[in-house]
Amino acid sequence: DTAVSQTPKYLVTQMGNDKSIKCEQNLGHDTMYWYKQDSKKFLKIMFSYNNKELIINETVPNRFSPKSPDKAHLNLHINSLELGDSAVYFCASSQEPQLDIYEQYFGPGTRLTVT
Amino acid sequence: AQKVTQAQTEISVVEKEDVTLDCVYETRDTTYYLFWYKQPPSGELVFLIRRNSFDEQNEISGRYSWNFQKSTSSFNFTITASQVVDSAVYFCALSEIQAGNNRKLIWGLGTSLAVNP
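The sections below set out a description of the structure shown in this document. (Residues numbered from 1 in each chain as written. Chains lettered and ligands numbered in written order. Predicted model: local features only at pLDDT ≥ 70, side-chain atom pairs only at ≥ 80, totals over all residues. Heavy atoms only, no water.)

1. Observations regarding the interface of chain A and chain B
Much of the literature gives interface size as the accessible area that the parts lose upon coming together.
Inference 1: Residue-level contacts link 21 residues of chain A with 20 residues of chain B.
Inference 2: Per-residue buried area on chain A facing chain B is highest for Leu43(A), Ile101(A) and Glu103(A); these three make up 29% of the total on that side.
Inference 3: At the boundary of chain A with chain B, the tally comes to one salt bridge.
Inference 4: With a closest N to O distance of 3.3 Å, Lys104(B) and Glu58(A) form a salt bridge.
Inference 5: Linking chain A to chain B there are three residue pairs in polar contact (both at pLDDT 80 or more).
Inference 6: Where the side of chain A that touches chain B is concerned, the elements lending two or more residues are strand E4 (31-37), strand E5 (43-50), strand E6 (53-57) and strand E10 (105-106) of chain A. (Contact = heavy atoms within 4.5 Å. Buried area = accessible area lost by both parts, 1.4 Å probe. Salt bridge = Lys/Arg side-chain N within 4 Å of Asp/Glu carboxyl O. Polar contact = N/O pair within 3.5 Å; in protein donor to acceptor, adjacent residues only side chain to side chain. Helix = DSSP H or I, 4+ residues; strand = E, 2+ residues; numbered from the N terminus.)

As structure tokens, then:
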């Protein structure tokens, strides 16, 4: 029944490792997003995909690579993890009709801790 | 450039008090959308309301109400008779349709509301 799900919920890893976070939505939405929320709760958009096509790519280090195998899934792979990557990562999805903007629905978040 | 300002970083109230969370935005577009989200201590982000720039009607949902004033570029959120369960960080956000049908939410920094028993 979960609308937007992410796995894992917690991820603790060492610097230099590579890790992935998975996201799935069952809302039938066309657009999915990855956000990073830092310790001060600041929310920053990282990527957005519409129908498997990358449409937003903010200034994110290229160690971060999103992959959308289909419009219901958007995964985030991070190479060579650094201490500064520690944050909560949220996946979200929304409908995106041509001339309208709808709300985004968020997953529960993945708390990444890099030691 | 678009911008969302939530000037109140933290607010603390006693249960049953009314509290208003301010949100001021900047945009050059005539068509835009405004949102409020709640992030309780459990961490999830919960959608509360979406408002189109052409719809200036105020909205009430139970103890929650929103006041949209285009003249002052504000979209304030009031909780009436606050409860401990209202304790959360509340985010205001602005979205526009950009070139190439690109949409991006511009987020405020959030207001942390503590409702004390």
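After that view of the structure, there is still more to cover.
2. Focus on the pattern of salt bridges
Residue and element names in this part refer to chain B.
Inference 1: On inspection of all chains with the given rule, the structure shows seven salt bridges over all chains.
Inference 2: Of the charged contacts in the structure, one is a salt bridge between Arg63 and Asp86, with a shortest N-O distance of 2.7 Å. Residue Arg63 is located in the loop between strand E7 (59-61) and strand E8 (64-69), and its partner Asp86 is located in the loop between strand E9 (74-79) and strand E10 (88-97); the two are separated by 23 residues in the primary sequence.
Inference 3: Taking the relative accessible area as the measure of exposure, Asp86 reaches 1% and is therefore buried. (Buried < 20%, exposed > 50% of the residue type's maximum accessible area, 1.4 Å probe, protein only.)

3. Some thoughts on unusual backbone geometry
Residue and element names in this part refer to chain A.
Inference 1: Cis geometry marks the peptide bond from Thr7 to Pro8, where omega comes out at -5°.
Inference 2: Phi angles above zero are rare outside glycine, and Lys41 is one such case at about 75°.
Inference 3: Structurally, the position occupied by Lys41 is in the loop between E4 and E5.

4. Brief notes about empty space enclosed by the protein
Inference 1: Summed over all chains, the structure comprises one cavity of 30 Å³ or more.
Inference 2: The calculated volume of the largest cavity comes to roughly 40 Å³.
Inference 3: Every residue along the wall of the largest cavity is listed here: Tyr33(A), Glu96(A), Ile101(A), Tyr102(A), Gln104(A), Phe35(B), Ser95(B), Arg103(B), Lys104(B) and Leu105(B).
Inference 4: In terms of residues, the lining of the largest cavity owes the most to one element, strand E11 (residues 103-107) of chain B, which gives three residues. (1 Å grid on protein atoms, 1.4 Å probe; cavity = no way out; pocket = protein on both sides within 12 Å on 5 of 7 lines; lining within 4 Å. Points joined across faces, edges and corners; volume = space filled by probe spheres on them.)

5. Considering the packing of aromatic side chains
Inference 1: Applying the stated rule across the entire model yields 20 aromatic pairs over all chains.
Inference 2: Seen from their ring centres, Tyr35(A) and Phe106(A) are 5.4 Å apart, and the 45° between their planes marks the pair as tilted. One end of the pair, Tyr35(A), is in strand E4; the other, Phe106(A), is in strand E10, and 71 residues separate them in sequence. The burial state of Tyr35(A) is the same as that of Phe106(A); both residues are buried.
Inference 3: Here the aromatic rings of Tyr37(B) and Trp107(B) are separated by 5.1 Å at their centres, their planes lie at 45°, and the arrangement is tilted. With Tyr37(B) in strand E5 (residues 33-39) and Trp107(B) in strand E11, the pair connects residues that are 70 residues apart, well separated along the chain.
Inference 4: One aromatic cluster is present, formed by Tyr33(A), Tyr35(A), Phe90(A), Tyr105(A), Phe106(A), Phe35(B), Tyr37(B), Phe47(B), Phe91(B) and Trp107(B) through successive ring pairs.
Inference 5: Lying across the ring of Tyr102(A), Arg50(B) places its NZ or CZ 4.2 Å from the centre. (Phe/Tyr/Trp six-rings, centres within 6.5 Å; stacked < 30°, edge-to-face > 60°. Lys NZ or Arg CZ within 6 Å of the ring centre and 35° of its normal.)

6. Quick look at the nonpolar core
Inference 1: Among the nonpolar cores identified, the biggest contains 24 residues, and Trp36(B), Phe77(B), Tyr90(B) and Leu113(B) are the most heavily contacted of them.
Inference 2: Taken together, the elements giving at least two residues each to this core come down to strand E2 (10-14), strand E3 (19-21), E5, E8, E9, E10 and strand E12 (111-116) of chain B.
Inference 3: Here the element with the most residues in this core is E10(B); it accounts for four residues.
Inference 4: Discounting chain neighbours no more than four positions away, the residues touching Tyr90(B) are Gln6(B), Leu21(B), Trp36(B), Tyr37(B), Lys38(B), Leu48(B), Tyr64(B), Phe77(B), Ile79(B), Gly110(B), Thr111(B) and Leu113(B).
Inference 5: Residues Val4(A), Met46(A), Phe64(A) and Leu81(A) belong to the second largest nonpolar core, which totals 20 residues. (Core = buried A, V, L, I, M, F, W, Y, C linked by side-chain atoms within 4.5 Å.)

7. Considering the environment of Leu54(A)
All names here are of chain A.
Inference 1: Within the secondary structure, Leu54 sits in strand E6.
Inference 2: Look at Leu54 and you get partly exposed, because its relative accessible area is 36%.
Inference 3: Separated by 13 residues in the primary sequence, Leu54 and Lys67 place their C-alpha atoms 9.0 Å from one another.
Inference 4: If sequence neighbours within four positions are ignored, Leu54 has contacts with Phe47, Ser48 and Tyr49.

8. Details of the layout of surface pockets
By rolling a water-sized probe across the atoms, one finds the places where empty space is left.
Inference 1: Taken as a whole, the largest pocket holds about 340 Å³ of empty space.
Inference 2: Lining the largest pocket are 20 residues, and of these Gln37(A), Lys41(A), Val88(A), Arg111(A) and Gly43(B) lie nearest its centre.
Inference 3: Mapped by element, the contributors of at least two residues to the lining of the largest pocket are strand E9 (87-94) and strand E11 (110-114) of chain A.
Inference 4: With four residues, E11(A) is the largest single contributor of residues to the lining of the largest pocket.
Inference 5: The class makeup of the residues in the lining of the largest pocket is seven nonpolar, nine polar and four charged.
Inference 6: Estimates place the volume of the second largest pocket at around 210 Å³.
Inference 7: If you go around the second largest pocket, the residues you meet are Lys40(A), Lys41(A), Phe42(A), Gln6(B), Ala7(B), Thr9(B), Glu10(B), Val89(B), Leu109(B), Gly110(B), Thr111(B) and Ser112(B).
Inference 8: Here the lining of the second largest pocket is built from residues that sort into four nonpolar, five polar and three charged. (Nonpolar A, V, L, I, M, F, W, Y, C, P; charged D, E, K, R; others polar.)

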